[in-house]
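Next come the chains, spelled out residue by residue.
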Amino acid sequence: MRRSEFRGYRAAMRGLRGGRETSARAFYGGVMRHHVLGRRDIWVGSSTVIDGADRISVSPGGALRVGLGSFGLTSEHDTSVIRVREGASLHVDGVVSLQRGVRIVVDSGRLTIGHETNVNGLGTKILVADAITIGAGCTFSWDVQLLDNDFHTMTVDGVQQPSAAPIVIGDRVWVGTRAIVLKGVTIGDDAVVAAGAVVTKDVPAHAVVAGMPAKVIGSSDSWT
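Residues numbered from 1 in each chain as written. Predicted model: local features only at pLDDT ≥ 70, side-chain atom pairs only at ≥ 80, totals over all residues. Heavy atoms only, no water.

What's the story with unusual backbone geometry in this structure? I'm lost.
Most of the time, phi is negative for any residue but glycine, and the peptide bond is trans. Backbone torsion omega between methionine 212 and proline 213 reads -5°, so that peptide bond is classified as cis. Its place among the elements puts proline 213 in the loop between strand E23 (207–210) and strand E24 (215–219). With a phi close to 65°, phenylalanine 151 is a non-glycine residue in the positive phi region. Mapping phenylalanine 151 onto the fold places it in the loop between strand E14 (145–147) and strand E15 (154–156). (Helix = DSSP H or I, 4+ residues; strand = E, 2+ residues; numbered from the N terminus.)

Explain the environment of aspartate 130 here, please?
Here aspartate 130 lies in the loop between strand E11 (125–128) and strand E12 (131–134). The partly exposed category is assigned to aspartate 130, whose relative accessible area is 30%. Between the C-alpha atoms of aspartate 130 and lysine 183, which are 53 residues apart in sequence, the distance is 9.1 Å. Setting aside chain neighbours within four positions, we find aspartate 130 in contact with Ser108, Gly109, Arg110, Asp148, Ala164, Ala165 and Pro166. (Buried < 20%, exposed > 50% of the residue type's maximum accessible area, 1.4 Å probe, protein only. Contact = heavy atoms within 4.5 Å.)

Sorry if this is basic, but what is going on with the sheet that holds strand E20 (residues 186–187) here?
Two pairing modes exist for strands in a sheet, parallel and antiparallel, and in both the strands are linked by backbone hydrogen bonds. If you walk across this open sheet you meet the six strands as E3-E6-E9-E12-E17-E20, and the pairing is parallel. Either end of the sheet is taken by a strand with one partner, and the two such strands are strand E3 (56–58) and E20. (Pairing = 2+ DSSP bridges.)

Would you mind going over the environment of threonine 139 with me for this structure?
Summarising the element assignment, threonine 139 is placed in strand E13 (residues 139–140). You can call threonine 139 partly exposed: its relative accessible area is 24%. Sequence separation between threonine 139 and glutamate 116 is 23 residues, and the spatial gap between their C-alpha atoms is 8.8 Å. The contact partners of threonine 139, leaving out residues within four places of it in the chain, are Asn118, Val173, Trp174, Val175 and Trp223.

Structure (structure tokens):
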């Protein structure tokens, strides 16, 4: 455990405790379970269930931070859940923040999340059966869903359709609240997905998409 990381972790926890948004149990549980015992770069700041921690990999110098951000719609009572089943994997490529109440389940395949990507909790779900790749510097609002599978099979005109296909999200993509990204979609760099959009087809770089199904309604030079 690097001293600078521990100091940053402790400072974040003190800030949350000042607002009664975390507990000493979460602090010591995060340190003991993942750093002292598991020797993993996973920082936990609120109630969190991690199933399959040994199947989570973190790039050198990176860290997975769960529930370390103060966000007005969540509280210390919102539990985050991260499950990585046997044979599946989650790779953290840098420093990644998952906020309180997030749900991530990797049933099979691989989930990769890039550096400085922030996933807000409170209903946001990332469910992986094939592969989901998320680039660097992305932001996901609350109640977002990324689904690379249909959870069932469908036959159309006598032909069975694939039930899963990879999702690829580029760098610096912003996904608004209650948006849904479905299987087989690629979203280009710097794109913006509006609140409530249902993305069923590829999104070009810098495009702004909205609606059900999502369509291009403009272009984005930048967002903050």
